[in-house]
Amino acid sequence: MAVHRWMMRGFLIGGILFSPTLVDAGEPEYVSIQTLLSPQAASYQRRMVTVQGIANNIEIIPPAPPRPSKQPCLLVYGRATFTLEDETGSIPVEVLGSCSPTAMDMLPREGETVRLTGTVHVLKSDSPRHVIVQAATIQILDLP
């Protein structure tokens, strides 16, 4: 009987851990930067979100060999950091880059309006909060 309970609990836990949630099943949530810097920031930890704003303080990191030695790339292109600012605040963004040399062309320029989807990383949840977004996709918008 004890083995049976252990197996059932294992199946239940595995089912909870590996079943998709409603949040994961749909599009990433569109949020303001203010929301990511609010007291509820911790609830966004490691979640994909979409934010939109103006790219400033862009720092492009030169192509370099990847850190883990088992990466298929010889060089990583398009790595950068910048600040994304909307009408509610500003947040740092990190772009990890890719193996493609054309990745540099996909980076925003200073002052361009972008919509990006990325993973939220809450590094400090107490005030003042330290939150960054690691960009997965960046779309440069043509706004007047």
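For the structure, see preceding data.
The rules we used
Residues numbered from 1 in each chain as written. Predicted model: local features only at pLDDT ≥ 70, side-chain atom pairs only at ≥ 80, totals over all residues. Heavy atoms only, no water. Helix = DSSP H or I, 4+ residues; strand = E, 2+ residues; numbered from the N terminus. Buried < 20%, exposed > 50% of the residue type's maximum accessible area, 1.4 Å probe, protein only. Contact = heavy atoms within 4.5 Å. Areas by Shrake-Rupley, 256 points an atom, 1.4 Å probe, with all protein chains shown as cover. Polar contact = N/O pair within 3.5 Å; in protein donor to acceptor, adjacent residues only side chain to side chain. Core = buried A, V, L, I, M, F, W, Y, C linked by side-chain atoms within 4.5 Å. Salt bridge = Lys/Arg side-chain N within 4 Å of Asp/Glu carboxyl O.

J.: Tell me about the overall build of the chain, residues and numbers included.
T.: Of the regular secondary structure elements, the chain holds 3 helices and 6 strands. For the chain, the N- to C-terminal ordering of α and β elements is α-α-β-α-β-β-β-β-β. Looking at the chain as a whole, 28% of its 144 residues qualify as buried. For the chain, restricting intrachain contacts to residue pairs at least 6 apart in sequence, the fraction spanning at least 24 positions comes to 58%. For the chain, the exposed surface amounts to about 9900 Å²; the carbon and sulfur share of it is 58%.

J.: How would you sum up the environment of Ser32? Please name residues and give values.
T.: For Ser32, the location among the structural elements is in the loop between strand E1 (29–30) and helix H3 (33–36). You can call Ser32 partly exposed: its relative accessible area is 22%. Along the chain, Ser32 and Glu85 lie 53 residues apart, while their C-alpha atoms are 9.7 Å from each other. Those residues in contact with Ser32, other than ones at most four positions away along the chain, are Asp86 and Thr88. In this structure the side chain of Ser32 is engaged in a polar contact, spanning 3.0 Å, whose partner is the side chain of Thr35.

J.: Before we move on, can you summarise the side chain of Thr117 with the specific residues and values?
T.: Looking at where Thr117 falls in the secondary structure, it is placed in strand E5 (residues 113–124). At 3.0 Å, the side chain of Thr117 forms a polar contact with the side chain of Thr50. If we ignore the near neighbours within four places in the chain, the residues touching Thr117 are Pro28, Met48, Val49, Thr50, Ala135, Ala136 and Thr137.

J.: Go over unusual backbone geometry, please, and point to the residues and values.
T.: Of note, the phi angle at Arg46 is positive, near 60 degrees, even though the residue is not glycine. Of note, Arg46 is situated in the loop between H3 and strand E2 (48–61). The exposure class of Arg46 is exposed, given its relative accessible area of 67%. A positive phi angle, close to 55 degrees, is found at Asn57, a residue other than glycine. Of note, Asn57 is situated in strand E2. When its relative accessible area of 51% is taken as the criterion, Asn57 is described as exposed.

J.: I'd love a proper account of the nonpolar core, names of residues and values included.
T.: Leu36, Leu84 and Leu116 are the most contacted members of the largest nonpolar core, which totals 22 residues. Among the secondary structure elements, those contributing two or more residues to this core are H3, E2, strand E3 (79–86), strand E4 (89–95), E5 and strand E6 (130–141). Residue contributions to this core peak at 4 residues, all from E5. Apart from the residues within four sequence positions on either side, Leu36 is in contact with Val31, Ala41, Tyr44, Val49, Val51, Ile91, Val120, Val131 and Val133.

J.: So what's going on with the pattern of salt bridges? Which residues, and what values?
T.: In the structure shown here, the tally under the stated rule is 1 salt bridge. For Arg47, the salt bridge is made with Glu29, and the minimal N-O distance between the two is 2.9 Å. Of the two residues, Arg47 sits in the loop between H3 and E2 while Glu29 sits in strand E1, which places them 18 residues apart along the sequence.

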